[in-house]
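So the chains spell out like this:
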Amino acid sequence: MFIQNPLNESELSFPILECIHIIGFAFSLGTIAIVDFRLLDWGMRHQTPSQLYRDTSTWTLAGIIVMIFSGLLLFSSDPDMYYLNVAFDAKMVFLVLAIIFNYTLHRKAVLADQGSRAIACTSLVLWAAVIFGGIFLAFINQGLSLKALP
Ligand code: HEM
């Protein structure tokens, strides 16, 4: 029995979902980057990394939850196209690594105000890899060839 995905019935649902996905990305990665920039001593010196972390962690978690739910809905619009896409698979691997790192080593170091440049750079690189995976999945065909630009 073939079930029609309601997301594919309206032309507006995918772009609206992608907007929600980007808003979630701003809340989650935007707040993580604020703490990482503080660890790198790039501004916000009036607060310690742990204070910044405590002030932003709820927004970070809310943003990540919005990303996962909106992402799953985007994915459901054409699962075969996405899970066979190398960029999507790489994005999911980096996403799992980034979330684990964020809530283990990163959180422990930041709350103890012992966060180092290595911790900040690892965090930024992992999340950047998720973003690149998200952007490139629209440009890469199954089997790694680049999609022909319109
Ligand atoms: C915090 C985690 C995530 C981040 C930072 C992220 C980031 C992104 C970015 C930057 C885009 C490109 C948007 C554009 O080109 O307009 C994107 C698109 C997308 N993401 Fe995510 N994403 C995350 C989680 C997820 C999850 C968990 C899934 C699915 C299980 C997912 C599925 C998708 C899909 C299907 C697209 C649409 C690609 C297309 O245009 O066809 N994302 N994501």
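Just so we're clear, the structure is a prediction, and the values are computed from it rather than from any experiment.

**Q** What is the right way to read the overall build of the chain from this model?
**A** Scanning the chain for helices and strands turns up 5 helices and 0 strands. Along the chain direction, N to C, the helices and strands of the chain fall in the order α-α-α-α-α. Seen along its three principal axes, the alpha-carbon backbone of the chain occupies a region of about 55 × 30 × 30 Å. Taking all 150 residues of the chain together, the buried fraction comes to 34%. Considering only intrachain contacts with a sequence separation of at least 6, the fraction spanning at least 24 residues in the chain is 72%. Taken as a whole, the chain presents about 9300 Å² of accessible surface, with 73% of it coming from carbon and sulfur. If you average the places of the 8 positive and of the 10 negative side-chain charges in the chain, the two averages end up 16 Å apart.

**Q** Mind showing me how you'd approach the nonpolar core here?
**A** Note on soluble globular proteins: their nonpolar side chains tend to be buried together. Ranked by size, the top nonpolar core spans 18 residues in total, and within it Val35, Leu39, Ala98, Val110, Ile119, Trp127 and Val130 carry the most contacts. Of all the secondary structure elements, the ones that give two or more residues to this core are helix H1 (13-39), helix H2 (49-76), helix H4 (86-111) and helix H5 (117-136). Sequence-distant contacts of tryptophan 127, that is, excluding residues within four places in its chain, are made with Leu29, Ile32, Ile64, Leu95, Ala98, Ile99 and Asn102. The next biggest cluster of nonpolar side chains, apart from the first, holds 5 residues, and it includes Ala87, Phe88, Leu137 and Ile140.

**Q** I'm lost on the packing of H1 against H2 in this one. Help?
**A** Their axes nearest at 8 Å, the elements H1 and H2 cross at an angle of 155°. Comparing their axes, H2 and H1 come out roughly antiparallel. In this structure, H1 crosses over H2, and the sense of that crossing is left-handed. Taken together, the residues of the contact of H1 with H2 sort by class into 18 nonpolar, 9 polar and 2 charged.

**Q** Sorry if this is basic, but what is going on with the packing of aromatic side chains here?
**A** Given two aromatic rings, their pairing is described by the distance between the two centres and the angle made by the two planes. Considering all chains together, one arrives at 6 aromatic pairs under this definition. Ring geometry for tyrosine 82 against phenylalanine 88: centres 5.9 Å apart, planes inclined by 40°, an arrangement best described as tilted. Phenylalanine 88 carries the same exposure label as tyrosine 82, and that label is buried. Their ring planes at 15° and their centres at 6.3 Å tell us that phenylalanine 132 and phenylalanine 136 sit as a pair that is stacked. Residue phenylalanine 132 and its partner phenylalanine 136 are both found in helix H5; the two are separated by 4 residues, about one turn of the helix. Pairwise contacts between aromatic rings join Phe75, Tyr82 and Phe88 into one cluster.

**Q** Explain the site of the ligand to me, please; I cannot follow it from the model alone.
**A** Neighbouring the ligand are 23 residues, the closest being His21, Met67, Tyr82, Lys91 and Leu137. Glutamate 18 is positioned with one of its side-chain polar atoms (N or O) 3.2 Å from an oxygen atom of the ligand. Note that a nitrogen atom of the ligand is positioned 2.5 Å from one of the side-chain N or O atoms of lysine 91. For the shell around the ligand, the secondary-structure elements that each account for two or more residues are H1, H2, H4 and H5.

**Q** Can you walk me through the pattern of salt bridges in this structure?
**A** Oppositely charged side chains can form a pair if their charged atoms are brought close together. The tally for this structure, following the rule as stated, stands at 2 salt bridges. A salt bridge links arginine 38 to aspartate 41; its shortest N-O distance comes to 3.4 Å. The class of aspartate 41 is partly exposed, set by a relative accessible area of 35%. Ionic pairing is found between aspartate 41 and arginine 45, a salt bridge with its closest N-O pair at 3.2 Å. Sharing partners across several salt bridges, the network here consists of Arg38, Asp41 and Arg45.

Calculation criteria
Residues numbered from 1 in each chain as written. Predicted model: local features only at pLDDT ≥ 70, side-chain atom pairs only at ≥ 80, totals over all residues. Heavy atoms only, no water. Helix = DSSP H or I, 4+ residues; strand = E, 2+ residues; numbered from the N terminus. Buried < 20%, exposed > 50% of the residue type's maximum accessible area, 1.4 Å probe, protein only. Contact = heavy atoms within 4.5 Å. Areas by Shrake-Rupley, 256 points an atom, 1.4 Å probe, with all protein chains shown as cover. Lys, Arg positive; Asp, Glu negative; His and termini not counted. Charge placed at Lys NZ, Arg CZ, Asp CG, Glu CD. Core = buried A, V, L, I, M, F, W, Y, C linked by side-chain atoms within 4.5 Å. Axes fitted to C-alpha atoms, helices over the stretch in contact; angles between N-to-C directions. Parallel < 35°, antiparallel > 145°, perpendicular 65-115°, else oblique. Left-handed = near helix turned anticlockwise from the far one by under 90°. Nonpolar A, V, L, I, M, F, W, Y, C, P; charged D, E, K, R; others polar. Phe/Tyr/Trp six-rings, centres within 6.5 Å; stacked < 30°, edge-to-face > 60°. Near = heavy atom within 4 Å. Polar contact = N/O pair within 3.5 Å; in protein donor to acceptor, adjacent residues only side chain to side chain. Salt bridge = Lys/Arg side-chain N within 4 Å of Asp/Glu carboxyl O.

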